[in-house]
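Here's the letter readout for the chains.
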Amino acid sequence: MSDQIRVTQLFDCADVGKTIVRAGVSHGKPWKIIQGPWTRGGTKAAYYRFRLEQAAAYPRTQLWHVNMGGRAKWARGLFSRPYALTLHGTDIRENYWQDQHHAVMKGDIDGAGHVWYMTPDLRDKAESVRSDAEYFPIPVEPDELPEWCPAARPRVFFPSRWDASKGGDRLLEVAADVVAAVGHSGVDIVGLDWGDRAAEAAGLGVTLLPRMPKSEFLQELASAHVAVGQVAGILATSELEALGIGVPVVVADPVSGYPDDLATVSVARADVGQAVLESLKDPQALSRQLGGPAYVRRNHSAEVMLPRLEAGYAKALENAR
């Protein structure tokens, strides 16, 4: 039965929706995705285009899959269908508990036929407001990742944006430690010109790259000898992509809930700079030891996630009856 459920993803976050749909369609599942008007400039024309696409999808859609709490109003109202909801981070970590967002967030969560949360750190908050909420590891597409091709000069890459959700002050402290540890030994330290604190990272000595299409970003990531994860204790999409490519990833204080064989260099925050220095001695050997690509295939491959998705979709429809 679940193989035949016609699901339309509403919106996207960090390419999770697109990744799910591509994996499902490759296995013959009748899934599609509609992007939000804010991804198309947020104009009135973009809004009408979104609504027209939703109207066209509505007759063949049995279930909406809403990405991000606070957006489920589009699964109700004029084009109402049962919906599943994925909580991606800020929605349940912060917005649910703020007076100005609480009512909308609670309505979205209470009205969902099934709820997933994307990273282990969200478990306590997600389950406290929805006891049956289920962890759904961030899916990636290993076969679409480029080959690891380290640059001629040693290169350390910060793949996350520079803002509070990725560690804020602590992420900048880590960047300063990395620059102090390796920045004067012919090592390029790079990151993205993304986030409200990017200028501060540049001031510390991080070379900022402009935001770019996903394919170009992955090529840049594949040129790194070592990547440094966000300082929030979790692995977001960019860190998982680095692992999937084979780049050794240094992570500060990962939260509990990941498999015991987590394929990262996991250290205390204060030790990140030294860990990067050690990792640069022989990144290829370290990569083989960590086994990042195999870890990602086992735990985060979109194809591996399909049965879990289908079970959740079936549950969402059943709960709507």
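Residues numbered from 1 in each chain as written. Predicted model: local features only at pLDDT ≥ 70, side-chain atom pairs only at ≥ 80, totals over all residues. Heavy atoms only, no water.

> Would you mind showing me how to read the pairing of strand β1 (residues 7-10) here?
In regular strands, side chains alternate between the two faces of the sheet. Along β1, one buried face is formed by V7 and Q9 and the opposite face, lined by T8 and L10, is buried too. With four bridges joining them, β1 and strand β2 (residues 31-34) adopt parallel strand pairing. Note on β2: the bridge partner recorded for L10 is I34. Read from β1 through helix α1 (residues 16-26) to β2, the crossover connection turns out right-handed. As judged from the four bridges shared by β1 and strand β3 (residues 63-67), these two strands associate in the parallel manner. The partner of Q9 across the bridge, within β3, is H65. (Buried < 20%, exposed > 50% of the residue type's maximum accessible area, 1.4 Å probe, protein only. Helix = DSSP H or I, 4+ residues; strand = E, 2+ residues; numbered from the N terminus. Pairing = 2+ DSSP bridges. Right-handed = clockwise from strand over helix to strand, strands pointing away.)

> What am I meant to see in the sheet that holds strand β8 (residues 188-192) here?
In a beta sheet, neighbouring strands pair by backbone hydrogen bonds and run either parallel or antiparallel. With parallel pairing, the six strands of this open sheet are ordered in space as β9-β8-β7-β10-β11-β12. Of all strands in the sheet, those bounded by a partner on one side alone are β9 (207-209) and β12 (265-267). Across this sheet, the average inter-strand angle for adjacent strands is 25 degrees, counted without regard to direction. Here two bridges tie strand β10 (residues 226-228) to strand β11 (residues 249-252), and the two strands are oriented parallel to one another. For A227, the partnering residue across the bridge sits in β11 and is V249. (Axes fitted to C-alpha atoms, helices over the stretch in contact; angles between N-to-C directions.)

> I keep staring at the sheet that holds β2 and nothing clicks. Help me out?
As summarised here, the arrangement of the six strands in space is β2-β1-β3-β4-β5-β6, forming an open sheet in which the pairing is parallel. The two strands at the open ends of the sheet, each matched to only one other strand, are β2 and β6 (134-135). Relative to β2, α1 is tilted by about 155 degrees, and along the sheet it contacts β1, β2 and β3. Helix α2 (residues 44-57) contacts β1, β2 and β3 of the sheet and is inclined by roughly 160 degrees relative to β2. (Contact = heavy atoms within 4.5 Å.)

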